[in-house]
Amino acid sequence: MGRHSTLYRGRENLWHLCFNGLIEHIHSNAYRYNKLTKAAKPGNCLKSRIRSRIERVFGVQLQRTGSLILRTIGLARARIKIVLRIYPIIWTR
């Protein structure tokens, strides 16, 4: 993927998706003197709406579970910690 943002389409991002058999749902990027076309604007709006809904879910999960860093010895203990962090999220649904 490189150092470029994965939010916008680019040659590397599209190649990576095609190589892995995925469908692209990536924003079209407007440049300084090349504005988005009329056809690309509604597509970006729809993609932003979907992305914001998904990010909200993951943001709530992150906020309720605390940090993503687990400090344990052993895979079994790490799994138990993850499950215990996720239980409150499951109970509030």
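Peer 1: For this particular structure, what's the right way to read the overall build of the protein chain?
Peer 2: The secondary structure content of the protein chain amounts to three helices and zero strands. Secondary structure of the protein chain in N-to-C order comes out as α-α-α. Buried residues in the protein chain amount to 11% of all 93 residues. At a minimum sequence separation of 6, the contacts of the protein chain that also span at least 24 residues come to 15%.

Peer 1: What is the right way to look at the confidence of the model for the protein chain in this model?
Peer 2: Predicted coordinates in regions of low pLDDT should not be interpreted in detail. On average, the protein chain scores 78 in pLDDT, and the residues at 70 or more come to 82%. Here helix 3 (residues 75-92) stands out as the least confident element of the protein chain, with mean pLDDT 80; helix 1 (residues 11-19) is the most confident, with 82.

Peer 1: Before we go on, may I ask you to explain the packing of aromatic side chains in this structure?
Peer 2: We describe a pair of aromatic rings using the distance from one ring centre to the other and the angle between the two ring planes. By the definition in use, this model includes one aromatic pair. Ring geometry for Trp15 and Phe19: centres 5.0 Å apart, planes at 15°, overall stacked. Residue Trp15 and its partner Phe19 are both found in helix 1; the two are separated by four residues, about one turn of the helix. Relative accessible area serves as the criterion here: at 54%, Trp15 is assigned to the exposed category. For Phe19, a relative accessible area of 59% gives the class exposed.

Peer 1: What am I meant to see in the environment of Arg51 here?
Peer 2: Secondary-structure assignment places Arg51 in helix 2 (residues 40-65). Spatially, the C-alpha atom of Arg51 lies 9.8 Å from that of His25, the residues being 26 residues apart in sequence.

Definitions and cut-offs
- Per chain, residues are indexed from 1 in the order of the written sequence.
- For a predicted model such as this one, the threshold for reporting local features is a pLDDT of at least 70, and the threshold for listing and counting side-chain atom pairs is 80 or more; totals across whole chains, interfaces and linings nevertheless cover every residue.
- Only hydrogens and water are set aside when side-chain values are computed; all heavy atoms of the structure are taken into account.
- Counting from the N terminus, the helices are the DSSP runs of H or I reaching at least four residues and the strands are the DSSP runs of E reaching at least two.
- Here the term buried applies to any residue with accessible area under 20% of the maximum for its type, exposed to any over 50%, and partly exposed to those in between, with areas from a 1.4 Å probe on protein chains only.
- We call two residues contacting when some pair of their heavy atoms lies within 4.5 Å.
- pLDDT gives the predictor's per-residue confidence on a scale running from 0 to 100.
- To pair, rings of Phe, Tyr and Trp, with the six-membered ring standing in for Trp, must have centres within 6.5 Å; the planes then decide the type, stacked if under 30 degrees apart, edge-to-face if over 60, and tilted in the middle.

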